[in-house]
Amino acid sequence: MIPYARHAVTAEDISAVVEVLRSGLLTQGPVVPRFEGALMELTGAAHCVAVSNATSALHLACVALGLGPDDSLWTSAITFVASANCGAYCGARVDFVDIEPDTYNLSVESLRARLLDARRLDCLPKVVVTVHMAGQPVEQEAVWDLAREFGFRVIEDASHALGAARHGEPVGSGRWSDITVFSFHPAKIITTGEGGAALTNDEELAWRMRLLRSHGITRDPARMRQADPGPLDYEQVDLGWNNRMTDLQAALGLSQLKRLPGIVDRRNELAGRYNELLAAVPVRLPAVRAVNHSAFHLYIVRLNATTGRSQREVATALRNRGIGVSLHYPPVHLQPYYRDRGFAPGSFPVAEQYAGDAITLPLFPDLQEAEQRFVVDELAIALRV
Ligand SMILES: *Cc1c(COP(=O)(O)O)cnc(C)c1O
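Note that the structure is predicted; figures quoted are calculated from it, not measured.

### Notes on the overall build of the chain
So, point 1. Within the chain, the regular secondary structure consists of 13 helices and 15 strands.
So, point 2. In summary, the chain has a C-alpha radius of gyration of 22 Å against a globular reference of 21 Å for 385 residues, a match within 12%.
So, point 3. Its C-alpha atoms put the chain at 80 × 60 × 35 Å along the principal axes.
So, point 4. Expressed as a percentage of its 385 residues, the buried residues of the chain come to 55%.
So, point 5. For the chain, the exposed area adds up to about 16,600 Å²; of that, 52% sits on carbon and sulfur atoms.

### Re the site of the ligand
So, point 1. Surrounding the ligand, one finds 16 residues, the nearest of these being Thr55, Asp157, His160, Ser183 and Lys188.
So, point 2. Thr55 is positioned such that a nitrogen or oxygen atom in its side chain is 2.5 Å from an oxygen atom of the ligand.
So, point 3. Here an oxygen atom of the ligand sits 2.8 Å away from a polar atom, N or O, in the side chain of His160.
So, point 4. In the complex, the protein chains occlude 93% of the 380 Å² of accessible area that the ligand would expose alone.
So, point 5. Mapped onto the shell around the ligand, the elements with two or more residues apiece are α3 (54-64) and α4 (82-89).

### As for the sheet that holds strand β6 (residues 165-166)
So, point 1. Across the sheet, three strands lie side by side as β7-β6-β13; this open sheet has antiparallel pairing. With one partner strand each, in any of the chains shown, β7 (169-170) and β13 (292-293) form the two edges of the open sheet.

### Remarks on the nonpolar core
So, point 1. Core analysis: the largest hydrophobic core is formed by 29 residues, its most contacted members being Phe35, Leu39, Leu162, Phe184 and Ile190.
So, point 2. Every element with two or more residues in this core is listed here: α1 (11-22), α2 (31-43), β1 (47-51), β9 (196-200), α8 (247-257) and α9 (260-277).
So, point 3. Those residues in contact with Leu162 that sit more than four places away from it in its chain are Leu39, Leu42, Phe182, Phe184, Ile189, Ile190, Leu257, Leu260, Val264 and Ala295.

### Topic: the sheet that holds strand β3 (residues 93-97)
So, point 1. The sheet built from seven strands is open, its strands ordered β1-β9-β8-β5-β4-β2-β3 with mixed pairing. For this open sheet the edge positions go to β1 and β3, each flanked by a neighbour on one side alone. Across the sheet, the mean angle separating the axes of adjacent strands is 20 degrees when strand polarity is ignored.
So, point 2. Sheet topology note: the β1/β9 ladder contains five bridges and is antiparallel.

### So, α8
An α-helical turn contains 3.6 residues, so any two residues separated by three or four positions project in the same direction.
So, point 1. With respect to burial, α8 is a largely interior element, 10 of its 11 residues being buried.
So, point 2. Check the buried side of α8 and you find it contacts α1, α2 and α9.

### Observations regarding the packing of α1 against α8
So, point 1. At a closest axis distance of 8 Å, the pairing of α1 and α8 adopts a crossing angle of 150 degrees. The angle between α1 and α8 places the two elements in the roughly antiparallel class. Regarding α1 and α8, the two cross each other, and that crossing is right-handed. From α1, Glu12, Asp13, Ala16, Val17, Val20 and Leu21 reach across to α8, where they touch Asp247, Leu248, Ala251, Leu252, Ser255 and Gln256.

### Observations concerning the pattern of salt bridges
So, point 1. Taken as a whole, this structure holds 20 salt bridges when the rule is applied.
So, point 2. For Glu169, the salt bridge is made with Arg175, and the minimal N-O distance between the two is 2.7 Å.
So, point 3. Through salt bridges with shared partners, one network takes in Arg93, Asp95 and Arg114.

### Let's talk about the packing of α2 against α8
Angle between the axes and distance between the axes: these two values describe a pair of packed helices.
So, point 1. As a packed pair, α2 and α8 sit with axes 8 Å apart at the nearest point and diverge in direction by 30 degrees. Taken as a pair, α2 and α8 cross one another with a handedness that is left-handed. Note on element contacts: α8 touches α2 through Asp247, Ala250, Ala251, Gly253, Leu254 and Leu257, opposite Val31, Val32, Arg34, Phe35, Ala38, Leu39 and Leu42.
So, point 2. A per-class count over the contact of α2 with α8 returns 10 nonpolar, one polar and two charged.

### Focus on the packing of aromatic side chains
So, point 1. Going through the model one piece at a time under the given rule, you end up with nine aromatic pairs.
So, point 2. Here the aromatic rings of Phe96 and Phe343 are separated by 5.2 Å at their centres, their planes lie at 75 degrees, and the arrangement is edge-to-face. Residue Phe96 is located in strand β3, and its partner Phe343 is located in the loop between α11 (336-339) and α12 (349-357); the two are separated by 247 residues in the primary sequence. Considered together, Phe96 and Phe343 belong to a single accessibility category, that of buried residues.
So, point 3. Put simply, the rings of Phe96, Tyr337, Tyr338, Phe343 and Phe348 pair up and form one aromatic cluster.
So, point 4. Here the basic side chain of Arg148 rests over the ring of Trp144, its NZ or CZ set 4.0 Å away from the ring centre.
So, point 5. Geometry around Tyr337 places Arg341 over its ring, the cationic atom sitting 3.7 Å from the centre.

The rules we used
- As a convention, each chain's residues are numbered from 1 in the sequence order in which they are written.
- Restriction of local features to residues with pLDDT of at least 70 applies here, the model being predicted, together with a cutoff of 80 or more for giving and counting side-chain atom pairs; totals for whole chains, interfaces and linings are based on all residues.
- Note that water and hydrogens are dropped before the side-chain values are worked out from all heavy atoms of the structure.
- Secondary structure counts use DSSP, requiring at least four H or I residues in a row for a helix and at least two E residues in a row for a strand, with both numbered from the N terminus.
- Just to be clear, the radius of gyration here is over C-alpha atoms, and the globule rule we use is 2.2 Å times residues to the power 0.38.
- Classification of residues uses two cut-offs on accessible area relative to the type maximum, computed with a 1.4 Å probe and protein chains only: under 20% is buried, over 50% is exposed, and between them is partly exposed.
- To be clear on the numbers: accessible area is Shrake-Rupley with a 1.4 Å probe, and residue cover counts the displayed protein chains and nothing else.
- A single heavy atom is enough: if one lies within 4 Å of a molecule or strand, its residue is considered near that molecule or strand.
- For this analysis, a polar contact is any N or O atom pair within 3.5 Å, provided that within protein one partner can donate a hydrogen and the other can accept it, and provided that sequence-adjacent residues contribute only side-chain to side-chain pairs.
- Pairing between two strands requires that DSSP report at least two bridges joining them.
- Note on terminology: a nonpolar core comprises buried Ala, Val, Leu, Ile, Met, Phe, Trp, Tyr and Cys residues joined through side-chain atoms within 4.5 Å.
- Should any heavy atoms of two residues lie within 4.5 Å, those residues are considered in contact.
- Angles shown run from 0 to 180 degrees and are taken between the N-to-C directions of axes, each axis being a line fitted to C-alpha atoms and, for helices, limited to the stretch in contact.
- Reported orientations rely on four angle classes, namely roughly parallel under 35 degrees, roughly antiparallel over 145, roughly perpendicular from 65 to 115, and oblique for the rest.
- The hand of a helix crossing depends on one turn: near helix anticlockwise from the far one by less than a right angle means left-handed, and clockwise means right-handed.
- We define a salt bridge as a side-chain nitrogen of Lys or Arg found within 4 Å of a carboxyl oxygen belonging to Asp or Glu.
- For this scheme, ten residues count as nonpolar: Ala, Val, Leu, Ile, Met, Phe, Trp, Tyr, Cys and Pro. Four count as charged, namely Asp, Glu, Lys and Arg, and the remainder, Gly too, count as polar.
- Between 30 and 60 degrees the pair is tilted, below 30 it is stacked and above 60 it is edge-to-face, where a pair is any two Phe, Tyr or Trp rings, Trp via its six-membered ring, whose centres lie within 6.5 Å.
- Placement of a positive charge over a ring is assigned whenever Lys NZ or Arg CZ falls within 6 Å of the ring centre and within 35 degrees of the normal to the ring plane.

Right, dumping it as structure tokens:
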């Protein structure tokens, strides 16, 4: 099977992990801060908190922003469920925004319209989570303008977009949001096995997320309630979790991060080759805006209704030929969990249409040209009526 995604681990990556295994500290050692520093250098963000996965980064981001049961969180209708679930963890009401028909990112126009309605009804969201779908940056400056106008906080779910840029500025700079979250799951741009990070330019938010990732415990005398803490004292000043990243994971991430520019270039090269090979096949190709540099986490095509082949028929045919096509993503509001909370088909029509005809083709750095030709040939055969 050619999977839709596959991680790459080099001999150098393995040595970096082995070095930590031979060192005195497997967790809470020096490598996690080093990995955090490298992510700050890459993005330009002032603070970075590495955690156990992006799901926990999203959760801690929501808690740090004060999201609670009286609040709402909005996110794109087309994303991985974790972008929405972080709101539910906090007891907040989760709602969705429809997508743009060409980039599959949250539609800023639709967001503005819904915010105007929500202001009239006095139910504005506290947090909006944008998602850089497939690695292509959202029109984040416009979202940030709306955040100032309507008074909400912004989390960028950049799980797909490590190494992506907009107007030449790296995703994660923190200029257009409160917190940016990356994922290092093996399907993503670089991996730490499991892993994630939250970046911000706000020192207090960074401090809170760091506190929450480790039980809500601090050893900083300035943050303690007692007047004169001794060298053995610590205090739990909030309710946190254990969402720490290990030094083993950070060592893998640090080693992988060195190759990031080459990985993103390679992904763009493979996407460009798919574009050429698919020129004569009746599918809609990914559209990347001129101001965006996509990390190309996913290569998504849209089936053309006139071919007469359904998404299901095409996906089944390709899977039967050993091609691990996938759908990113079924609309989150139509998941049973969210249907049970009042959502139904018809609420976000652009997202629902997308989910009915989108297919993710295999894309990962080690994908070979012959494999890409095989995928495209099999897709053309599957589409022939
Ligand atoms: C992968 C992914 C996540 C979750 O990442 P984990 O590190 O697996 O928790 C969240 N949001 C999006 C958009 C993702 O693709």
